[in-house]
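The residues making up each chain are set out below.
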Amino acid sequence: NAGVTQTPKFQVLKTGQSMTLQCAQDMNHNSMYWYRQDPGMGLRLIYYSASEGTTDKGEVPNGYNVSRLNKREFSLRLESAAPSQTSVYFCASIPSLGQAEAFFGQGTRLTVV
Amino acid sequence: KQEVTQIPAALSVPEGENLVLNCSFTDSAIYNLQWFRQDPGKGLTSLLLIQSSQREQTSGRLNASLDKSSGRSTLYIAASQPGDSATYLCAVASGNTGKLIFGQGTTLQVKP
């Protein structure tokens, strides 16, 4: 039972490069989230998906796009990476919005140089 | 807009001490409140979930309370151990979409 799996675990990008962070959950959850965590800032919501086929902006969506590929997978794309996007990114899932506990992946540590 | 605040930002206690971590939120219309633990370089692990209709939840040496009317929650850790050293985060699910909003966390160090 893997829970929430994120790939890659570490990544270094040059400014202007693009990449996609992958997230998959095997718990048949409806809702999935992408957060970034910066020192002293806590976790800030980037985008979320209440159910398959829907996505919505969170607190800090600028510079990111998402795709809810199917019920299992929710990807986060950086089209043109900037040093300000250096952060640790976490994916999470819950059965439905506002319902039950959230499960988190182990995170992707991204550095943009 | 929901805002979540945790005080203190850091706490250092000797082993065996009972301690309380605080979480406050600005909008009392919440679905639930969760406490998480995060070890350095790791993801978040859910510790306790309190639904909006509940007043408290207990798991082992942990007890979390919720007072929606005052916008406050506390996490009580009894007989602290060095293995409890970690960052503790609270998050509330609120708004018409119920998304999770996090506080900034309290970093706890328990000294042997």
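So, here is what we can say about the structure in this document. Since this is a predicted model, take the numbers as computed values, not measurements.

Definitions and limits used
- Residues numbered from 1 in each chain as written.
- Chains lettered and ligands numbered in written order.
- Predicted model: local features only at pLDDT ≥ 70, side-chain atom pairs only at ≥ 80, totals over all residues.
- Heavy atoms only, no water.
- Helix = DSSP H or I, 4+ residues; strand = E, 2+ residues; numbered from the N terminus.
- Rg over C-alpha atoms; globule rule 2.2 N^0.38 Å.
- Buried < 20%, exposed > 50% of the residue type's maximum accessible area, 1.4 Å probe, protein only.
- Contact = heavy atoms within 4.5 Å.
- Buried area = accessible area lost by both parts, 1.4 Å probe.
- Salt bridge = Lys/Arg side-chain N within 4 Å of Asp/Glu carboxyl O.
- Polar contact = N/O pair within 3.5 Å; in protein donor to acceptor, adjacent residues only side chain to side chain.
- Nonpolar A, V, L, I, M, F, W, Y, C, P; charged D, E, K, R; others polar.
- Disulfide = S-S within 2.5 Å.
- Core = buried A, V, L, I, M, F, W, Y, C linked by side-chain atoms within 4.5 Å.
- 1 Å grid on protein atoms, 1.4 Å probe; cavity = no way out; pocket = protein on both sides within 12 Å on 5 of 7 lines; lining within 4 Å.
- Points joined across faces, edges and corners; volume = space filled by probe spheres on them.
- Phe/Tyr/Trp six-rings, centres within 6.5 Å; stacked < 30°, edge-to-face > 60°.

Looking only at helices and strands, chain B features 0 helices and 11 strands. Going residue by residue from the N terminus, the α and β elements of chain B occur as β-β-β-β-β-β-β-β-β-β-β. Its C-alpha atoms give chain B a radius of gyration of 13 Å, near enough to 13 Å, the size a compact globule of 112 residues would have. Here the C-alpha coordinates of chain B stretch approximately 45 × 30 × 20 Å along the principal axes. Going through the 112 residues of chain B one by one, you find that 46% of them count as buried.

Our focus in this paragraph is the interface of chain B and chain A. Facing 22 residues of chain B, the contacting portion of chain A comprises 21 residues. Across the interface of chain B and chain A, roughly 1,700 Å² is buried in total on both sides, 57% from carbon and sulfur atoms. Joining chain B to chain A, the criterion identifies 0 salt bridges. At the boundary of chain B and chain A, one finds 4 residue pairs in polar contact (both at pLDDT 80 or more). Those elements giving two or more residues to the side of chain B that touches chain A turn out to be strand E4 (30–38), strand E5 (44–51), strand E9 (86–94) and strand E10 (99–102) of chain B. Top element by residues in the side of chain B that touches chain A is E4(B). It accounts for 5 residues. Its residues assigned to classes, the side of chain B that touches chain A shows 9 nonpolar, 11 polar and 2 charged.

This part takes up the state of the cysteines. All names here are of chain A. Under the counting rule described, the total for this entry stands at 2 disulfides over all chains. Through a disulfide, Cys23 is tied to Cys91; the S-S separation comes to 1.9 Å. The S-S bond linking Cys23 to Cys91 shows a torsion near -75°; that makes this disulfide left-handed. Remark: Cys91 occurs in strand E9 (residues 87–94) and Cys23 occurs in strand E3 (residues 19–25); sequence separation between them is 68 residues. Owing to a relative accessible area of 0%, Cys91 belongs among the buried residues under this scheme.

Moving on to the nonpolar core. In this structure, B:Leu33, B:Trp35 and B:Leu75 are the most contacted members of the largest nonpolar core, which totals 23 residues. Where this core is concerned, the elements lending two or more residues are strand E3 (19–25), E4, E5, strand E7 (62–67), strand E8 (72–77), E9 and strand E11 (106–111) of chain B. A:Val4, A:Met32, A:Tyr64 and A:Leu78 belong to the second largest nonpolar core, which has 19 residues in total.

A word on the layout of surface pockets. Unoccupied space between atoms shows up once a probe the size of one water molecule is rolled over them. If you add up the space inside the largest pocket, you get close to 630 Å³. For the lining of the largest pocket, the secondary-structure elements that each account for two or more residues are strand E4 (31–38), E9 and strand E11 (108–112) of chain A together with E9 and E11 of chain B. Taken together, the residues of the lining of the largest pocket sort by class into 10 nonpolar, 17 polar and 5 charged. By volume, the second largest pocket is sized at about 390 Å³. What lines the second largest pocket is a set of 17 residues, among which A:Glu59, B:Lys1, B:Gln2, B:Glu3 and B:Ile101 lie closest to the centre. Elements with a minimum of two residues in the lining of the second largest pocket: strand E5 (42–49) of chain A together with strand E1 (4–7) and E10 of chain B. Top element by residues in the lining of the second largest pocket is E10(B). It accounts for 3 residues. Looking at the lining of the second largest pocket residue by residue, the classes come out as 5 nonpolar, 6 polar and 6 charged.

Applying the stated criterion across every chain, the model contains 9 aromatic pairs over all chains. Judged by centre distance (5.3 Å) and plane angle (85°), the ring pair of A:Tyr35 and B:Phe102 falls under edge-to-face. One end of the pair, A:Tyr35, is in strand E4; the other, B:Phe102, is in strand E10, on a second chain. Ring plane angle 80° and centroid distance 5.5 Å describe the contact between A:Phe104 and B:Phe36, whose orientation is recorded as edge-to-face. With A:Phe104 in strand E10 (residues 103–104) and B:Phe36 in strand E4, the pair connects residues from two separate chains. Classification of A:Phe104 by relative accessible area gives buried; the value is 9%. On the basis of relative accessible area, B:Phe36 is assigned to the buried category, the value being 0%.

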